[in-house]
Structures are given as C-alpha cells and as structure tokens.
Amino acid sequence: MRTRRLGTVLMAGLVAGVAGCGSSSSGSSSSSGSSSGSSSSSSSSSSSSSSGAGGSPQLTISAAASLTKAFTKYGTQLTGAKARFSFAGSDQLAAQIQQGVKPDVFASANTKLPDMLYAKGLVAKPVVFTANRLVIAVPAGSTKVRSVADLAKPGVTIVLGSATVPIGSYTRMVLSGLPAAEQKQILHNVRSNEPDVKGVIAKVTERAADAGFVYVTDVTATAGKAKAIALPNALKPQAAYAVAVVTGAKHPAQARAFVAGLLRDPGQLDLREAGFLAPPK
C-alpha cells in the first residue's frame with residue numbers, strides 16, 4: 001500500500017516538474033516575442049519608449065513642417081540614436097510643449113517661439129541653424145499671377161498660412177509693406193488660412209488656389225508641380241530657423257548631438273540640398 005502511495009507521489013511530482021518546465025519555456029518565448037514586437041514597433045511608439053531597435057536611444061523631434069524633407073534625410077544619417085519626427089506648424093508644436101509634451105528636440109521655422117519657450121524654462125538656449133526665403137507659389141504652367149501686384153486683381157484666389165504659424169506671420173509682414181488699398185484687396189482674395197505651410201502648398205499644387213505664400217523649399221519639394229515667384233527685395237522677411245533641446249528630454253546627450261550636427265555636415269548639406277540657406281549672421 002505504501003509502495004503504491006509512494007509511486008503516486010513520485011508520479012505527481014514528475015508531472016508537476018514537466019509542467020513547470022513547459023511553463024518556463026513558454027514564458028521565455030512569450031517574453032522574447034514581446035521584446036521583438038516592442039523593438040519592431042518602437043518607431044511608432046517612441047514618444048513613450050526610451051530606445052529603438054538594437055538598443056539605440058530613440059529621439060523624438062518636433063519640427064516645422066517645412067523641414068520635412070531635410071530632416072528626414074538627416075535623421076537617416078544619425079549615429080548612436082534613431083530619430084522619430086513629428087512635423088506640424090511650429091506654433092502647434094510649441095503649444096504642445098507648453099502643455100507638457102516633452103520631445104527631445106524642438107525645431108521652429110522662426111526664432112520667436114523657441115525664445116518664448118526658453119524664457120519659460122521649457123527648452124535650452126535656442127540656436128539659429130538655417131534660413132529660408134519666402135516666395136509666391138503658383139501652379140506649374142499658370143500665368144494668372146506673375147507678381148505681388150497680380151494678387152490684388154479681382155477673381156484671383158489666394159491661400160495663406162494662419163496668422164499664428166511662422167509662414168503666416170512672415171506673409172503678413174510682407175503684406176504690411178504694401179499700400180493699404182493693395183493689401184486690403186489681396187486679403188479680400190484670400191480663400192483659406194492653413195495651419196501649416198504644407199496645407200498652403202497643397203492647395204496650390206492641387207489648383208484649389210491661384211497662389212499662396214510659402215518658402216522656396218516647399219516649391220522645390222513639389223518636383224515641378226509649382227513654381228516660385230520671387231518677392232521684391234524690400235518685402236523679403238528674414239525667415240530664420242531656431243532649434244533647441246527640450247528641458248527634461250529623455251536623451252539630452254543625443255539631443256545635443258542632433259542639434260550640433262545641424263550646424264555642420266551632414267546637417268548643413270541636407271538643408272542646402274533641400275533649398276535652405278546658411279544661418280544668418
């Protein structure tokens with residue numbers, strides 16, 4: 001009887017042991033799969049993750065929409081970190097930082113917004129890293145608008161950036177330099193105010209508007225779908241871009257390296273290739 005009971009106990013222990021090994025193996029496999037899944041999806045969830053595939057720190061960069069082409073290329077050449085970009089209107093991105101969002105780097109299409117955030121202690125001291133030229137964009141092949149004066153003609157449709165976004169602010173600086181009557185007629189011809197420069201150039205290339213104020217880099221990026229009309233020298237604003245490391249960034253060392261790289265090659269080469277200018281002195 002004792003022999004049977006002992007055999008039963010031994011058999012139960014053996015089964016439990018095998019089950020325990022199976023559970024451990026399954027847990028290890030599940031953990032590995034979870035890790036792999038996290039690694040493969042790190043670029044889409046980098047705002048909450050601290051590293052990308054291969055253990056490289058993943059930087060989150062909030063940048064002006066006009067920087068999309070140049071920054072996307074620059075980001076592929078980073079060493080020691082991987083970049084995830086959030087492109088939008090500079091004012092929108094600055095507002096997010098004020099509300100508590102903490103990307104590693106903020107790059108704006110003006111100096112006003114980074115300086116404002118710096119004054120509030122939300123970013124490190126901003127650095128001017130490039131500049132741009134404001135132009136009038138018209139659909140390729142269109143002859144309806146050839147100059148600033150044509151924008152005031154009856155029937156011309158115009159699209160602007162909203163007053164709070166840098167492209168909209170620069171545009172209104174240009175218009176303020178015109179005679180009051182001409183300025184009034186141009187504003188009368190405005191059909192929409194877009195939240196960022198991408199919206200402006202999209203309306204032009206889709207021929208939903210006869211003209212719009214954008215940066216020359218935005219026209220270049222259309223690959224021939226739009227053409228640029230230069231502004232008179234007296235009306236050209238200085239569109240300087242500034243960048244700063246965000247206070248409380250998850251990866252401050254890599255964020256500083258990202259900013260430093262924008263001031264030399266390859267960052268400056270990528271900016272020039274996209275049509276940007278050297279930083280103003």
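Residues numbered from 1 in each chain as written. Predicted model: local features only at pLDDT ≥ 70, side-chain atom pairs only at ≥ 80, totals over all residues. Heavy atoms only, no water.

## So, the nonpolar core
With 63 residues, the main nonpolar core has Leu-67, Phe-71, Phe-129, Ile-136, Phe-213, Tyr-215 and Phe-258 as its most contacted residues. If one sorts the elements of this core by residue count, strand β5 (residues 134-139) sits on top with 5 residues. The contacts of Phe-129, once residues within four sequence positions are left out, are Leu-67, Phe-71, Ala-107, Tyr-241, Ala-242, Val-243, Leu-262, Leu-263, Gln-268, Leu-271 and Pro-279. (Core = buried A, V, L, I, M, F, W, Y, C linked by side-chain atoms within 4.5 Å. Buried < 20%, exposed > 50% of the residue type's maximum accessible area, 1.4 Å probe, protein only. Helix = DSSP H or I, 4+ residues; strand = E, 2+ residues; numbered from the N terminus. Contact = heavy atoms within 4.5 Å.)

## As for the sheet that holds strand β1 (residues 58-64)
Within the open sheet, the 5 strands sit side by side as β2-β1-β3-β10-β4. Their pairing is mixed. Sheet topology places β2 (82-88) and β4 (127-132) at the edges, where each strand pairs with a single neighbour. Each strand of the sheet is rotated relative to its neighbour by a mean of 20°, with strand direction disregarded. In terms of strand pairing, β1 meets strand β3 (residues 105-108) through 3 bridges, oriented parallel. Paired with Ser-62 across the strands is Phe-106, a residue of β3. (Pairing = 2+ DSSP bridges. Axes fitted to C-alpha atoms, helices over the stretch in contact; angles between N-to-C directions.)

## A few points about the packing of helix α3 (residues 90-98) against helix α4 (residues 112-119)
Look at α3 against α4: their axes get within 10 Å of each other, and the N-to-C directions meet at 10°. By the criterion of interaxial angle, the relationship of α3 to α4 is roughly parallel. Residues Ser-90, Asp-91, Ala-94, Ile-97 and Gln-98 of α3 touch α4, and the partners they reach there are Leu-113, Met-116 and Leu-117. Split by residue class, the contact of α3 with α4 holds 5 nonpolar, 2 polar and 1 charged. (Parallel < 35°, antiparallel > 145°, perpendicular 65-115°, else oblique. Nonpolar A, V, L, I, M, F, W, Y, C, P; charged D, E, K, R; others polar.)

## Here's the deal with the side chain of Asp-104
Summarising the element assignment, Asp-104 is placed in the loop between α3 and β3. Buried and unpaired, Asp-104 has Lys-250 as its nearest opposite-charge partner, separated by 7.4 Å. At 3.1 Å, the side chain of Asp-104 and the backbone nitrogen of Lys-250 are in polar contact. Contact partners of Asp-104, with chain neighbours within four places excluded, come to Gln-58, Leu-59, Thr-60, Ala-244, Val-245, Val-246, Ala-249, Lys-250, His-251 and Ala-255. (Lys, Arg positive; Asp, Glu negative; His and termini not counted. Salt bridge = Lys/Arg side-chain N within 4 Å of Asp/Glu carboxyl O. Polar contact = N/O pair within 3.5 Å; in protein donor to acceptor, adjacent residues only side chain to side chain.)

## What about the sheet that holds strand β7 (residues 190-194)?
Backbone hydrogen bonds are what pair the strands of a sheet, in a parallel or an antiparallel way. Reading across from one edge, β7-β6-β8-β5-β9 is the order of the 5 strands in this open sheet, with mixed pairing throughout. If you trace the sheet from one side to the other, it starts and ends with β7 and β9 (226-230), each paired once. Between one strand and the next, the sheet's axes are offset by a mean angle of 35°, whatever the strand orientation. Summarising the sheet, strand β6 (residues 158-161) and strand β8 (residues 211-215) pair through 2 bridges and their orientation is parallel. Paired with Val-159 across the bridge in β8 is Gly-212.

## Some remarks on unusual backbone geometry
Each neighbour pair has its own omega, and for Asp-265 with Pro-266 the value is 5°, a cis peptide bond. Tracing the sequence through the fold places Pro-266 in the loop between α9 (252-262) and α10 (267-273). One non-glycine residue with positive phi stands out, namely Arg-207, at about 60°. Judged by relative accessible area, Arg-207 falls into the exposed class, the value being 53%.

## Observations concerning the pattern of salt bridges
The final tally for this structure, using the stated rule, is 5 salt bridges. A salt bridge links Asp-150 to Lys-153, with the nearest nitrogen and oxygen atoms 3.0 Å apart.

## Re the confidence of the model for the chain
Averaged over every residue, the pLDDT of the chain is 84; the share at 70 or more is 81%. For residues 1-49, every residue scores under 50 in pLDDT, and the model assigns this stretch 19 contacts once sequence neighbours within four places are set aside. (pLDDT = per-residue confidence, 0-100.)

## A word on the side chain of Thr-217
Within the element layout of this structure, Thr-217 appears in helix α8 (residues 216-220). A distance of 2.9 Å separates a polar atom in the side chain of Thr-217 from a polar atom in the side chain of Asn-132. Once you skip the residues sitting within four places of it in the chain, Thr-217 turns out to touch Ser-66, Asn-132, Ala-274, Gly-275 and Phe-276.

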